[in-house]
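Architecture at a glance
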Number of protein chains: 2
Amino acid sequence: VTVASPGLVSDLAAVVGASHVLDDPDLKAAYETDWTRRFSGAARVVVRPADTAQVAGVLRVCHAARVPIVPQGGNTGLVGGSVPRDGEVVLSLARLSELEPVDELAGELTAGAGVTLAALQAHAAERGFAFGVDLAARDSATIGGMVATNAGGIHVLRYGSMRAQVVGIEAVLADGRVVRRLPGLVKDNTGYDLPALLAGSEGTLGVVTRVRLRLVPSLPARVVAVLAVHDTAAALTVFARLRARVASLEAAEVFYAEGLELVVAHTGATRPFATAHPAYLLVECAAHADPTDDLVAALEDADVVDAAVATDRGGREQLWRLREAHTEAINAAGVPHKLDVTVPLSRLAELERRVREVVAEADARARVVLFGHLGDGNLHVNVLDVPAEDDTVDVAVLRLVADLGGSISAEHGIGTAKAAFLHLTRDDADIAVMTAIKHALDPHTLLNPGVLLASRHP
Amino acid sequence: VTVASPGLVSDLAAVVGASHVLDDPDLKAAYETDWTRRFSGAARVVVRPADTAQVAGVLRVCHAARVPIVPQGGNTGLVGGSVPRDGEVVLSLARLSELEPVDELAGELTAGAGVTLAALQAHAAERGFAFGVDLAARDSATIGGMVATNAGGIHVLRYGSMRAQVVGIEAVLADGRVVRRLPGLVKDNTGYDLPALLAGSEGTLGVVTRVRLRLVPSLPARVVAVLAVHDTAAALTVFARLRARVASLEAAEVFYAEGLELVVAHTGATRPFATAHPAYLLVECAAHADPTDDLVAALEDADVVDAAVATDRGGREQLWRLREAHTEAINAAGVPHKLDVTVPLSRLAELERRVREVVAEADARARVVLFGHLGDGNLHVNVLDVPAEDDTVDVAVLRLVADLGGSISAEHGIGTAKAAFLHLTRDDADIAVMTAIKHALDPHTLLNPGVLLASRHP
């Protein structure tokens, strides 16, 4: 059991109040394990500041004592980046949950790091706006964590990932200094883009406390189609055609025969087609007026075997459910190895084919279930029926992805889970640059040690 | 006259060939003054490498000799960032003009730093794509310089600025090491976003040699409208309504009565309306099918006094000319002080009013002509009839902008021209972070010294 020194606890209590410094093991426990339950560790103490000034105070105390910090938002990450490893102070941003009024003229708002995605979405919707990023963990995931990890989701092809939504940021540096760029300027060429640098830095350069976010118009008219296709190459050709012709295209997801079977077995969902097909492309279009005619016209003569189309909410949700239930259906079938990778679109069909081969070579027992965000070149590779502790399959898949010019982390980040693999796609010069930036901003390695650059960084 | 040491010249000649090391004053001259003619200085020597390997070689030679470098693209910048100040080596990227084939599946291409915007646009158009950034200097401005300065232009509200187009980058560091992220991945959460950091860094962190850029669909159906409105506040209300209702909105520009009079007098253009109005909002919509009905419907009951609408190319160009001829009409009327600023949209009407007041207070002779990118909160402030060397008016405008929470450089960058004003909108912590990053990547201050952080950086 890690115990905090009395001096540290009292110094932190002087900043945030004694009731927000948790050193009771029972109270700390909820902060020491993430929702995957794969990652956990002992926190020296958990601190729950109320605002930016208190975050700065906490960091000044920890900096003076040279005590490392793990920032934590909704704890919904998938790569072990938000739980302690070795007696760090866990800095929970949950209480920074202030949502400022929507700036309707700018189409922007400012949110505290602890605001959940769902709360942000509801707040924007009250004023006729939507938010450009959506993902399944919306009720728990917080804006600060989503910015720090540059979260992705299902609308990246239309609106970009979290970094593209950030028009301003406030963050506390390792020594407690505050950097603040919050006015919400669309254009601002006065120096390095610190918001873009902090986005995706996984808490290693600064602690995000507030963000200014762009909103997007609410689009009420929607159509969802599941298109049966021969293979990944056909899905890509259809996607490229829609991207060129249908401006309202908002999502382009892919899944395969084996995944659909798992979903049908697990959820009892109705199959969209009478017969099975090798691959399925799910597309959604959203506009002010019904986009169905545009979609149908663009699909004329396309290489599509069959199509299921829905415009009403119930029908759309049924089709989406076929894709979204993959995670739970896979989890119900076993404990999967999960890899989240992208390759250039020109290599995606090859990835889909070869990932099955390399997994089979690595472990003949393994079952592969693939699905993902086709438009982003992003496959979630799930491997069932291999031992949890054996990473042979993981290494084989990541090496394949690197060979294909891809990324070993599409949208989940590196965290502690993939730090040892960073060199697969980042060469020495690249890692040296990132390490130099890390040293420049956090010379004592106090911010989220072990995450991202751990394997090269002392 | 600055003279290069024989050793440096021969070392550089060994890298790029003797014919691409220019030390003849007549040959150097074209590289020593930019197109504004406001900024010029002596180059020790001008070097014209052919490719990334030669750029790296040049930087290794200069690094070993501790000789500073000024990277130069099309030399179309407006803030003195691309010409020598004090005997630096000018590194011209003009010969890095390779355009790789369009990747039609990804909707991306890779371009050398020396490719002009016009060449890129033509290359993309051959394959049915467009590029998300457009600006008047397209025939000279190069992609490397546009990325290094995060160029903006007239389509930012739809597609973002240059940084938003960059899906990969190759750059040479001060010591000659090469950082390369070019596969063109839409999602890639493996470490700090170096492409976003290098974009807008104005050549102070690395020399951009190649970029991977996203393309956008070509949209053939267009409508342009000039809307006469009562004032800036009305223009903003109309803009916000169109942004919420018309997904095809691509540009929203503003100009005023005095600017239109200058344009009419200078170009002989026909006035769009029988009578003069205080302010004009120019909007363009672009889609696959004619967007005119959408635009007209959204304007119903809007606070618009009169409207001129064109869908044919000639008519659209005539309307655009009213806005685009502002620069030449102003230049014909005198030598303007030009300031490129943004404020939050909620402060733009106030800026428009108060900028006239503070300029009048600073210099009663001054004439103010305003125009700009309304949707981005971006006004180009032009002040005529004040002496060229007197910066009283400039300082007054920049202070006003800072008071309104704005940016002293919307899209032109800081360069050498505004380095002394950076502290107006960036506080000590912010500048310290930027300086720490600069030191981390360029410890000997060899890359574009005097630009951006000059006033605080040794």
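Description of the structure in this document. Only a predicted model underlies this, so the values are computations on that prediction, with no experimental measurement involved. (Residues numbered from 1 in each chain as written. Chains lettered and ligands numbered in written order. Predicted model: local features only at pLDDT ≥ 70, side-chain atom pairs only at ≥ 80, totals over all residues. Heavy atoms only, no water.)

Digging into the sheet that holds strand 13 (residues 279-287) of chain A
Remark on secondary structure: sheet strands pair via backbone hydrogen bonds, oriented parallel or antiparallel. All names here are of chain A. The seven strands are arranged 14-11-13-12-16-17-15 in an open sheet whose pairing can be described as antiparallel. Edge strands, defined here as strands with exactly one partner in the open sheet, are strand 14 (306-310) and strand 15 (337-342). Taking the axes of each pair of neighbouring strands and ignoring which way they run, one obtains an average angle of 15° across the sheet. Inspection of the sheet shows strand 16 (residues 367-373) paired to strand 17 (residues 378-384) by seven bridges, in the antiparallel sense. Of the residues in strand 17, the one forming a bridge with Val-369 is Asn-382. Those strands touched by helix 10 (residues 257-267) are strand 12 (249-256), strand 13, strand 16 and strand 17, and its axis lies near 95° from that of strand 16. Here helix 12 (residues 313-324) sits on the sheet in contact with strand 11 (221-229), strand 12, strand 13, strand 14, strand 16 and strand 17, set at roughly 45° to strand 11. (Pairing = 2+ DSSP bridges. Helix = DSSP H or I, 4+ residues; strand = E, 2+ residues; numbered from the N terminus. Axes fitted to C-alpha atoms, helices over the stretch in contact; angles between N-to-C directions. Contact = heavy atoms within 4.5 Å.)

Observations concerning the pairing of strand 15 of chain A
Working note: regular strand, side chains alternate between the two faces of the sheet. All names here are of chain A. Burial of strand 15 is extensive: five of the six residues sit out of reach of the surface. Bridge count between strand 15 and strand 17: six bridges; the pairing is antiparallel. Note that in strand 17 the partner of Leu-339 across the bridge is Val-381. (Buried < 20%, exposed > 50% of the residue type's maximum accessible area, 1.4 Å probe, protein only.)

Considerations on the interface of chain B and chain A
With 79 residues of chain B at the contact, the number on the chain A side is 80 residues. Both faces combined, the contact of chain B with chain A buries some 5900 Å², and carbon together with sulfur accounts for 59% of it. For chain B, the biggest contributors to the area lost against chain A are Lys187(B), Asn189(B) and Tyr192(B); these three give 17% of the whole. Where chain B packs against chain A, one counts 10 salt bridges. Taking the shortest distance from any N to any O, the salt bridge between Asp188(A) and Arg426(B) comes out at 2.8 Å. (Buried area = accessible area lost by both parts, 1.4 Å probe. Salt bridge = Lys/Arg side-chain N within 4 Å of Asp/Glu carboxyl O.)

Quick notes on the state of the cysteines
This structure, assessed with the given rule, holds zero disulfides over all chains. Summary of cysteine pairing: Cys285(A) is not part of a disulfide, and the nearest cysteine sulfur, belonging to Cys285(B), is at 20 Å. Classification of Cys285(A) as buried rests on a relative accessible area of 0%. (Disulfide = S-S within 2.5 Å.)

A closer look at the packing of aromatic side chains
Residue and element names in this part refer to chain A. The tally for this structure, following the rule as stated, stands at four aromatic pairs over all chains. Seen in terms of ring centroids, Phe-255 and Tyr-280 are 5.3 Å apart; in terms of plane orientation they differ by 25°. Their pairing is stacked. Taken together, the positions of Phe-255 in strand 12 and Tyr-280 in strand 13 put the pair 25 residues apart, joining distant regions of the chain. Here the two residues Phe-255 and Tyr-280 agree in accessibility, since each one is buried. With centroids separated by 6.1 Å and ring planes inclined at 5°, the aromatic side chains of Phe-273 and Tyr-280 adopt a geometry described as stacked. Like Tyr-280, Phe-273 is buried. Put simply, the rings of Phe-255, Phe-273 and Tyr-280 pair up and form one aromatic cluster. In this structure, Arg-356 packs its charged tip against the face of Tyr-256, placed 5.4 Å from the ring centre. (Phe/Tyr/Trp six-rings, centres within 6.5 Å; stacked < 30°, edge-to-face > 60°. Lys NZ or Arg CZ within 6 Å of the ring centre and 35° of its normal.)

Just distances and angles here, no functional claims.
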